[in-house]
Amino acid sequence: MIRVKDIVQFNSYFSQPAAHPLIAVGDLSRADQSLFDPTDFGMYCVVLMDTNFGDLFKDGKRVTYSSETLFSLRPGQMVALTRNNDTQPRGMMLAFRPELLEKTGLGRDFYMFRFFFSDILEAIEPTRIERNIVMNCFSNLLAELNTPRDYMSDQLLRLGIGQLLSYVKRFYERQFNDITKNTTSIVQRLDHIIDNYLSSGLPAQKGQPTVAWCAAEFNLTPNYFGELVRRELHITAQDYIQQKIIAAARRLLDTTSLSVNEIAEELGFAYPNHFTRMFSRRMGLTPLRYRHRPAQSID
């Protein structure tokens, strides 16, 4: 994997001088072929793909995209593209170093741009009008980068980046909210999937259900799946799974004569004391005390 160390190296992919030490905009039609090898750019990036010119991967996972779509990268994230040599790359790429955020208004407001950390496996699909807005943002940044620097340059560049990121946030949330309209059916399916798994005997062989396993059942990344669950249920996906495990444990304690150790094994715990600790933390009493509680003493 290639690691890009600075803006000078980034600009070398486009055979262009570095107009600013922390910011660059590149035209993909002018990019060197090596730009598409597995690379960690070490920066925050926003990429507009104006053509579909190959298979796109982030951290080894394929990203669904089409012409005129957007995706983002964060430092430490690996991106690669298997080129389709029959199609000419077209699009724009903004890159800026994390240092740009230090002690600035852009850095203060950067928490809003959570799309950098969502790891969705599909690109953002702006409308044609929205695509033109994005291109205007890129054009404004390019114009400022090519203007002789003065005391206003850095402020205008940060404002331009903030404007572009704000539009990407709008487009991302619109697309994300379209998906969350189906969240109720996702939660219903999740209930069914986890309940079936916990009663199948598989946990004793393969372990407890995890966030990553549940996400894979929906063909989503763990982060994206976790955000869907949190938005709908207002708890983390891990908490939700643990609630389902405790509910299954209560059923087994109430309706079977299995020992605590056998129930722990049935539910995928490697060590019975881990099960006892989780159950006690969630229920306020040990599994044995729960089993021998007075009738109707626990909801």
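Described below are features of the structure shown in this document.

In this structure, Q175 sits in helix α4 (residues 153-180). Judged by its relative accessible area of 13%, Q175 is buried. In this structure the side chain of Q175 is engaged in a polar contact, spanning 3.3 Å, whose partner is the side chain of E122. Setting aside chain neighbours within four positions, we find Q175 in contact with E122, A123, I124 and E125.

Although it is not a glycine, D59 sits at a positive phi angle of roughly 50 degrees. Tracing the chain through its elements places D59 in the loop between β5 (54-58) and β6 (61-63).

Moving on to helix α11 (residues 272-283). Taking 1.5 Å of rise per residue, the twelve residues of α11 would be expected to cover 16 Å, and the 16 Å separating its terminal C-alpha atoms lies within 8% of that figure. Looking at the buried positions of α11, the neighbouring elements they touch are α9 (237-255), α10 (260-266) and α12 (287-291). Of the residues one or two after α11, G284 is the one with positive phi, at around 85 degrees.

Our next topic: the sheet that holds strand β7 (residues 69-73). Strand pairing in a sheet relies on backbone hydrogen bonds. The paired strands run either parallel or antiparallel. Strand order in the open sheet formed by four strands is β2-β9-β4-β7, and the pairing between neighbours is antiparallel. The two strands at the open ends of the sheet, each matched to only one other strand, are β2 (23-27) and β7. Taken over all neighbouring pairs, the strand axes of this sheet differ in orientation by 10 degrees on average, direction set aside.

We now examine the pattern of salt bridges. Following the criterion strictly, the structure yields 14 salt bridges and no others. Two residues, R114 and E227, come together in a salt bridge whose shortest N-O distance is 3.6 Å. Taken as a pair, R114 in the loop between α2 (105-109) and α3 (128-145) and E227 in helix α8 (residues 222-233) lie far apart in primary sequence, 113 residues in all. For R114, a relative accessible area of 45% gives the class partly exposed. For R282, the salt bridge is made with D239, and the minimal N-O distance between the two is 3.0 Å.

The full count for this structure, using the stated rule, is four cavities of 30 Å³ or more. Lining the largest cavity are 15 residues; nearest its centre among them are L35, F36, L56, F71 and V79. Contributing elements (two or more residues each) for the lining of the largest cavity: β4 (44-49), β7 and β8 (78-83). Examining the composition of the lining of the largest cavity, we find that three residues originate from one element, β8, more than from any other. Considered class by class, the residues forming the lining of the largest cavity number 14 nonpolar, no polar and one charged. Taken as a whole, the second largest cavity holds about 110 Å³ of empty space. Every residue lining the second largest cavity is counted, 16 residues in all, and those nearest its centre are K58, F71, S72, F115 and I120. Classifying every residue of the lining of the second largest cavity by side-chain character gives nine nonpolar, three polar and four charged.

This next bit is on the packing of α9 against α11. Axis separation between α9 and α11 bottoms out at 11 Å; the angle between their running directions is 100 degrees. For the element pair α9 / α11, the angle class is roughly perpendicular. Contact residues: D239, Q242, Q243, I246, A249, R250 and L253 in α9; F275, M278, F279, R281, R282 and M283 in α11. Split into classes, the residues belonging to the contact of α9 with α11 amount to seven nonpolar, two polar and four charged.

Let us now look at the packing of aromatic side chains. Tallying each qualifying case throughout the model produces 18 aromatic pairs. On the basis of an interplanar angle of 70 degrees and a centroid distance of 5.5 Å, the ring pair of F36 and F53 is categorised as edge-to-face. Of the two residues, F36 is situated in the loop between β2 and β3 (39-40) and F53 in the loop between β4 and β5; the sequence distance between them amounts to 17 residues. For F36, a relative accessible area of 9% gives the class buried. Owing to a relative accessible area of 0%, F53 belongs among the buried residues under this scheme. Taking the centre distance of 6.3 Å and the plane angle of 45 degrees together, the rings of F115 and Y172 count as tilted.

With that out of the way, let us pick up the nonpolar core. In terms of nonpolar packing, the biggest core is built from 67 residues, with F96, F225 and L267 touching the most fellow members. Residue contributions to this core peak at nine residues, all from α9. Excluding residues that lie within four positions of it along the chain, F225 makes contacts with L190, V211, C214, A215, F218, L220 and A237. Grouped together as the second largest cluster of nonpolar side chains are 26 residues, V4, L35, Y65 and M93 included.

Scoring rules and cut-offs
Residues numbered from 1 in each chain as written. Predicted model: local features only at pLDDT ≥ 70, side-chain atom pairs only at ≥ 80, totals over all residues. Heavy atoms only, no water. Helix = DSSP H or I, 4+ residues; strand = E, 2+ residues; numbered from the N terminus. Buried < 20%, exposed > 50% of the residue type's maximum accessible area, 1.4 Å probe, protein only. Polar contact = N/O pair within 3.5 Å; in protein donor to acceptor, adjacent residues only side chain to side chain. Contact = heavy atoms within 4.5 Å. Expected span 1.5 Å × (residues − 1). Pairing = 2+ DSSP bridges. Axes fitted to C-alpha atoms, helices over the stretch in contact; angles between N-to-C directions. Salt bridge = Lys/Arg side-chain N within 4 Å of Asp/Glu carboxyl O. 1 Å grid on protein atoms, 1.4 Å probe; cavity = no way out; pocket = protein on both sides within 12 Å on 5 of 7 lines; lining within 4 Å. Points joined across faces, edges and corners; volume = space filled by probe spheres on them. Nonpolar A, V, L, I, M, F, W, Y, C, P; charged D, E, K, R; others polar. Parallel < 35°, antiparallel > 145°, perpendicular 65-115°, else oblique. Phe/Tyr/Trp six-rings, centres within 6.5 Å; stacked < 30°, edge-to-face > 60°. Core = buried A, V, L, I, M, F, W, Y, C linked by side-chain atoms within 4.5 Å.

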